[in-house]
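Residue-level listing of the chains:
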2 protein chains.
Amino acid sequence: MNTQQVTGPEWRPIATVDVVLMTIREERLEVLILRRAAGPFAGEWALPGGYLRPEEDMSVEAAAERVLREKAGLPPQHLEQLQVFSGPDRDPRGWSISCALLALVPCASIEGAIAEGCRLQPVDDLLQGPGLAFDHDLILGEAIRRLRGKGGYSTLPAALVGDEFTLSELRGAYEVVLGIGIDKAVFRKRMLDLGVLEETGRTTRIVPNSRPAMTYRLRDGVRTFDRQVGSASSPVRPEGKVRYQP
Amino acid sequence: MNTQQVTGPEWRPIATVDVVLMTIREERLEVLILRRAAGPFAGEWALPGGYLRPEEDMSVEAAAERVLREKAGLPPQHLEQLQVFSGPDRDPRGWSISCALLALVPCASIEGAIAEGCRLQPVDDLLQGPGLAFDHDLILGEAIRRLRGKGGYSTLPAALVGDEFTLSELRGAYEVVLGIGIDKAVFRKRMLDLGVLEETGRTTRIVPNSRPAMTYRLRDGVRTFDRQVGSASSPVRPEGKVRYQP
DNA sequence: GGAATAGTGTCTATTAGACACTATATG
DNA sequence: CATATAGTGTCTAATAGACACTATTCC
């Protein structure tokens, strides 16, 4: 316990950020974790995080971006606050408040830039495994819930593909996030009718021996829809699978 | 500035909670505000809030409930985290982190219990007015955005009516939150088909000289739907207005 | 019966979903 | 030509929305 813990306005809690960086690799949702070098839970796997620094960080978002720069060498495609986790017992060093943030990136932008001691782990494996340090399993669970929930009625999954993408790639991201198959014609009509995309004018071929596809970019930032994309009743179609590293 | 602000792990920011307590009164959305007695912005209107207290508060949610007990004498019907506001400049006392929370209550449960120096103010008036202390206008704006956004596809507005309510009362809450008129037949079918309500078996009459209505309660906590309730194209129907204090 | 609100039935325009079909590239 | 994916057209079942209609209470 920490001797700084006295009651009154001069008392202050430990303040940190924890970042859930998610990406799609090989058609699976993966999370960046690292083996803690020091401090509590040294040697165990945990989410990247750290203390707030008054001189460097202008906000919790800035602190999260600093952490990600150190661990994955990148600014994320999308970063949003997830939830505050707080209390006297979640950190053995004392009463703490941690702002958890969800970061999304296309896989291609971090592979190779991942720092020593870090790795990408499929979320499904992680939910079974021996568990993360602190209350990070709880934080991870909340991140997955948020992504799955918000992913169905927003352009959030677009942050998991590159700036420029084909409709098949985008659909693949939605399918991985939502865990369902989505009919390509329905998806195409929905996305284009929503007006959240714009053509780049360029085409790409996803695989050889096939027709090239138009590429698109997001017209704006993340937007929300008033209806869910796809449905749980859609069968998972074989064509639904799309390669992200052709 | 505070001399505690030195770089390094022993440094800690000011940590507070700010609560946006919303309710519906006279068919308008209202917010609890108070005139600051001391400290920065003394004499100005602000959202209720306060320091985290290590001995009393087990979490930010508990701190928010304590603040609400002091100012409005109640545990809220619904309490959820909104967003963290943080940075070196938002509080003149130094680098601060504030967890903003959204609290919803039926109006009847707080009228009379509101503490000295506090008042309920319609949100629309507040958005025009001279503005709140700190960055509380920003926090209020985020609270309204959250309520309007989430209100359309969840049972969140139910927290603004009593535990037991008629479908007309509930529909009225949705109409106030969303700012649209909702057809009563459509609303009835949607809500009952969703299976989020259960009959209490008791009936109430909203006004004299009319047929009594069945009352319902929420089957669970807040649930989300995959489709928006109502639509912007619905005309505001005269019958849509419902009295909350008959 | 009159007034007021609760609750139901019906029609229609829209659309999600399913799926067949055409188009365009490579080899 | 075959192959593989992009992109389009069509049909259907489901339903949101509009609105008329019936039901139940108090006066």
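Residues numbered from 1 in each chain as written. Chains lettered and ligands numbered in written order. Predicted model: local features only at pLDDT ≥ 70, side-chain atom pairs only at ≥ 80, totals over all residues. Heavy atoms only, no water.

(A) View of the overall build of chain A. Looking only at helices and strands, chain A features 5 helices and 10 strands. Pairs at least 24 residues apart make up 68% of the contacts formed inside chain A by residues separated by at least 6 positions. Carbon and sulfur atoms make up 47% of the accessible area of chain A, which totals about 11400 Å². (Helix = DSSP H or I, 4+ residues; strand = E, 2+ residues; numbered from the N terminus. Contact = heavy atoms within 4.5 Å. Areas by Shrake-Rupley, 256 points an atom, 1.4 Å probe, with all protein chains shown as cover.)

(B) Here's a closer look at the packing of aromatic side chains. Applying the stated criterion across every chain yields a total of 7 aromatic pairs over all chains. Arranged with centres 4.6 Å apart and planes meeting at 55 degrees, the rings of Phe41 of chain B and Phe134 of chain B form a pair that is tilted. You can see Phe41 of chain B sitting in the loop between strand S2 (28-35) and strand S3 (45-46) and its partner Phe134 of chain B sitting in the loop between helix H2 (123-128) and helix H3 (136-151), a full 93 residues away along the chain. Given the relative accessible area of 30%, Phe41 of chain B is considered partly exposed. Directly above the ring of Trp45 of chain A sits Arg119 of chain A, whose terminal nitrogen or CZ lies 5.6 Å from the centroid. (Phe/Tyr/Trp six-rings, centres within 6.5 Å; stacked < 30°, edge-to-face > 60°. Buried < 20%, exposed > 50% of the residue type's maximum accessible area, 1.4 Å probe, protein only. Lys NZ or Arg CZ within 6 Å of the ring centre and 35° of its normal.)

(C) Focus on H3 of chain B. The end-to-end C-alpha distance of H3 of chain B is 22 Å, a good match for the 22 Å that 16 residues give at a rise of 1.5 Å each. Residues of H3 of chain B that are buried include every one of His136, Ile139, Leu140, Glu142, Ala143, Ile144, Leu147 and Gly151 of chain B, and no others. (Expected span 1.5 Å × (residues − 1).)

(D) Fine view of the pattern of salt bridges. The tally for this structure, following the rule as stated, stands at 33 salt bridges over all chains. When the shortest N-O distance is used, the salt bridge between Glu80 of chain B and Arg146 of chain B registers 2.7 Å. Linking Glu80 of chain B in strand S5 (residues 78-87) with Arg146 of chain B in helix H3, this pair joins segments that are 66 residues apart in sequence. Glu80 of chain B sits in the buried class, given a relative accessible area of 10%. Salt bridges here are not isolated pairs; linked through shared partners, they connect Arg53, Glu56, Asp57, Arg66 and Glu70 of chain A. (Salt bridge = Lys/Arg side-chain N within 4 Å of Asp/Glu carboxyl O.)

(E) A look at the relation of the copies chain B and chain A. By a simple turn and slide, chain B fits onto chain A: the slide is 0.0 Å along the axis, the RMSD is 0.0 Å, and the turn is 180 degrees. In symmetry terms, the pair is related by a two-fold rotation axis. Proximity to the rotation axis, assessed at the C-alpha, singles out Arg227 of chain B in chain B; its C-alpha lies 2.5 Å from the axis. Taken as a fraction of all interface residues of chain B, those also at the interface in chain A reach 100%, which identifies the copy contact as same-surface. (Least-squares fit on C-alpha atoms with pLDDT ≥ 70 in both.)

(F) Representation of the interface of chain B and chain A. Contact residues are listed per partner, giving 33 residues for chain B and 33 residues for chain A. Between chain B and chain A, a total of about 3200 Å² is buried, with carbon and sulfur atoms accounting for 58% of that surface. For the pair chain B and chain A, the interface holds 0 salt bridges. Applying the counting rule to chain B against chain A returns 11 residue pairs in polar contact (both at pLDDT 80 or more). At the level of secondary structure, the elements contributing two or more residues to the side of chain B that touches chain A comprise strand S1 (14-25), S5 and strand S6 (96-104) of chain B. Counting residues per element, the side of chain B that touches chain A draws most heavily on S5 of chain B, at 5 residues. Residues that form the side of chain B that touches chain A fall into these classes: 17 nonpolar, 9 polar and 7 charged. (Buried area = accessible area lost by both parts, 1.4 Å probe. Polar contact = N/O pair within 3.5 Å; in protein donor to acceptor, adjacent residues only side chain to side chain. Nonpolar A, V, L, I, M, F, W, Y, C, P; charged D, E, K, R; others polar.)

(G) Focus on the sheet that holds strand S9 (residues 197-204) of chain B. Residue and element names in this part refer to chain B. Overall, antiparallel pairing links the 3 strands, which are arranged S8-S10-S9 in an open sheet. Unpaired on one side and paired on the other, strand S8 (165-166) and S9 mark the two borders of the sheet. As defined by bridge partners, S9 adjoins strand S10 (residues 213-218) across 5 bridges and the pair is classed as antiparallel. Within S10, the position partnered with Thr204 by the bridge is Ala213. (Pairing = 2+ DSSP bridges.)

(H) Examining the sheet that holds strand S10 (residues 213-218) of chain A more closely. All names here are of chain A. In space, the 3 strands of this open sheet follow the order S8-S10-S9, with antiparallel pairing throughout. One side of each edge strand has no neighbouring strand; the edge strands of this open sheet are strand S8 (165-166) and strand S9 (197-204). Bridge count for S8 against S10 is 2 bridges, and the pairing is antiparallel. Its bridge partner being in S10, Phe165 is matched across the sheet by Tyr216.

(I) Inspection of the packing of helix H4 (residues 167-178) of chain B against helix H5 (residues 184-194) of chain B at higher detail. Residue and element names in this part refer to chain B. Running from N to C, H4 and H5 cross one another at 100 degrees; their axes reach a closest spacing of 11 Å. For the element pair H4 / H5, the angle class is roughly perpendicular. Residues Leu167, Leu170, Arg171 and Tyr174 of H4 pack against Lys184, Phe187, Arg188, Met191 and Leu192 of H5. In terms of residue class, the contact of H4 with H5 is built from 6 nonpolar, no polar and 3 charged. (Axes fitted to C-alpha atoms, helices over the stretch in contact; angles between N-to-C directions. Parallel < 35°, antiparallel > 145°, perpendicular 65-115°, else oblique.)

(J) The domain arrangement of chain A, seen in detail. All names here are of chain A. Entries for chain A in the domain assignment read domain 1 (14-150) and domain 2 (156-240). Measuring from the centre of the C-alpha atoms in domain 1 to the corresponding centre in domain 2 gives 27 Å. The interface is formed by 16 residues belonging to domain 1 together with 11 residues belonging to domain 2. Of the roughly 1200 Å² buried where domain 1 meets domain 2, counting both sides, 71% is carbon and sulfur surface. Three residues stand out in domain 1 for area buried against domain 2, namely Ile24, Gln77 and Arg148, and they jointly supply 38% of the buried area on that side. Applying the counting criterion to the domain 1 and domain 2 interface returns 2 residue pairs in polar contact (both at pLDDT 80 or more). Elements represented by at least two residues in the side of domain 1 that touches domain 2 include exactly strand S1 (14-25), strand S2 (28-35), strand S5 (78-87) and helix H3 (136-151). Per-class residue counts for the side of domain 1 that touches domain 2 are 8 nonpolar, 3 polar and 5 charged. (Domains from an automatic or database assignment.)

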